[in-house]
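Residues per chain are reported as follows:
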Amino acid sequence: TAVTTTVSTSAADVSILDNDAPGVRITTDAAGNTPITGSFITTETGTNQTFYARLETQPQDPVSVYLATTESAEGLLQKGTPANQELIKLVFTKDNWQTTQAFTVAGQDDPQDDGNIEYQILTTVESDDFNYREDLVQLEVSNYNSSPGTLDLQLDSNTLNSYQPNGREKIALS
């Protein structure tokens, strides 16, 4: 028994819209799906934050992403060894641009009772790829103080002044 199959062919024009925007994506998950929102906390007692970076689009040339802390006394960066650096560099190529690279922001202990200090992690991007010449991502971080609070009292006539590291509270005596 013979089987006959008829196939019709027709031509169609197909357009693919490339709407990917180049950029550096920093996330809180290794898969690179959860974008950063808000601010993050490190502590002087060892609470650190790990982030993951990758590129949004495939570059034509290698892309170097430099991350730096604005307050090295409060927070430093780690990516492998050596740890605790003020500046680290992540390199992305056309082969690894979608692979996240981890880095950690490590809170630093200092001897001062300076309260909770806010600082930033800033990025600078360098590349011969025109799409990756300027890109800025800023992480907001607060380093929570571990030093015990102190209270200094001063008595001036009928007023008791209470001085605290992060402000002044005035208490009147009657």
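Here, the structure is the one placed above.
Overview of the structure. The shown structure was predicted, so the numbers you read here are calculated from the model rather than taken from an experiment.

Now for the pattern of salt bridges. One pass over the structure, following the stated rule, counts one salt bridge. The closest approach of N and O atoms between Arg25 and Glu56, which form a salt bridge, is 3.1 Å. Of the two residues, Arg25 sits in strand S1 (residues 24-27) while Glu56 sits in the loop between strand S3 (48-55) and strand S4 (63-69), which places them 31 residues apart along the sequence. Given the relative accessible area of 23%, Arg25 is considered partly exposed.

All right, on to the nonpolar core then. Membership of the largest hydrophobic core comes to 21 residues, with the highest contact counts inside it found for Val65, Leu67, Phe103 and Val105. Elements represented by at least two residues in this core include exactly S1, S3, S4, strand S6 (87-92), strand S7 (101-107) and strand S8 (117-127). In contact with Leu67, not counting residues within four places along its chain, are Ile26, Leu77, Glu86, Leu87, Ile88, Leu90, Phe103, Ile121, Leu122 and Thr123.

With that settled, consider the sheet that holds strand S5 (residues 75-78). Overall, antiparallel pairing links the four strands, which are arranged S1-S3-S7-S5 in an open sheet. Edge positions in the open sheet fall to S1 and S5, since each of these has one partner strand only. Along the sheet, successive strands turn relative to each other by an average axial angle of 30°, direction set aside. In this sheet, S7 lies alongside S5 in antiparallel orientation, the contact comprising four bridges. Across the sheet, the residue bridging to Leu77 is Val105, located in S7.

Position of Thr57 relative to the elements: it lies in the loop between S3 and S4. Among the polar contacts listed, one links the side chain of Thr57 to the side chain of Tyr132, at a separation of 2.8 Å. Contacts of Thr57, omitting those with residues within four sequence positions, involve Asp20, Ala21, Pro22, Trp97 and Tyr132.

It is worth spelling out the packing of aromatic side chains at this point. Tallying each qualifying case throughout the model produces two aromatic pairs. Here Phe40 and Phe51 contribute two aromatic rings whose centre-to-centre distance is 4.8 Å and whose plane-to-plane angle is 85°, an arrangement assigned as edge-to-face. Within this pair, whereas Phe40 is found in strand S2 (residues 39-43), its partner Phe51 is found in strand S3, the two being separated by 11 residues in sequence. For the residue pair Phe40 and Phe51, the accessibility class agrees, reading buried in each case. Counting every residue linked through ring pairs, the aromatic cluster contains Phe40, Phe51 and Phe103.

Definitions and cut-offs
Each chain carries its own residue numbering, running from 1 in the written order of its sequence. Predicted model: local features are reported for residues with pLDDT of at least 70 only, side-chain atom pairs are reported and counted for 80 or more only, and whole-chain, interface and lining totals are derived from all residues. Where side-chain values are given, they derive from all heavy atoms of the structure, hydrogens and water being excluded. When a carboxyl oxygen of Asp or Glu lies within 4 Å of a side-chain nitrogen of Lys or Arg, that pair is called a salt bridge. Working definition: helices are DSSP H or I runs of at least four residues, strands are E runs of at least two. Numbering for both runs from the N terminus. Three labels apply to residues, based on accessible area from a 1.4 Å probe with only protein chains included: buried if under 20% of the type maximum, exposed if over 50%, partly exposed otherwise in between. Among buried residues, those of type Ala, Val, Leu, Ile, Met, Phe, Trp, Tyr and Cys that are joined through side-chain atoms within 4.5 Å constitute a nonpolar core. Two residues qualify as a contact provided that any one of their heavy atoms is within 4.5 Å of a heavy atom in the partner residue. Pairs of strands are assigned from DSSP output, requiring at least two bridges between the strands. Axes, fitted as lines to C-alpha atoms, cover a helix only where it is in contact. Angles between the N-to-C directions of the axes lie from 0 to 180 degrees. The definition of a polar contact used here is a pair of N or O atoms within 3.5 Å, where within protein one atom must be able to donate a hydrogen and the other to accept one, and adjacent residues in sequence count solely through side-chain atom pairs. Only rings of Phe, Tyr and Trp enter the pairing, Trp through its six-membered ring, and a pair is recorded when the two centres are within 6.5 Å. The plane angle decides the type: under 30 degrees is stacked, over 60 is edge-to-face, the rest tilted.

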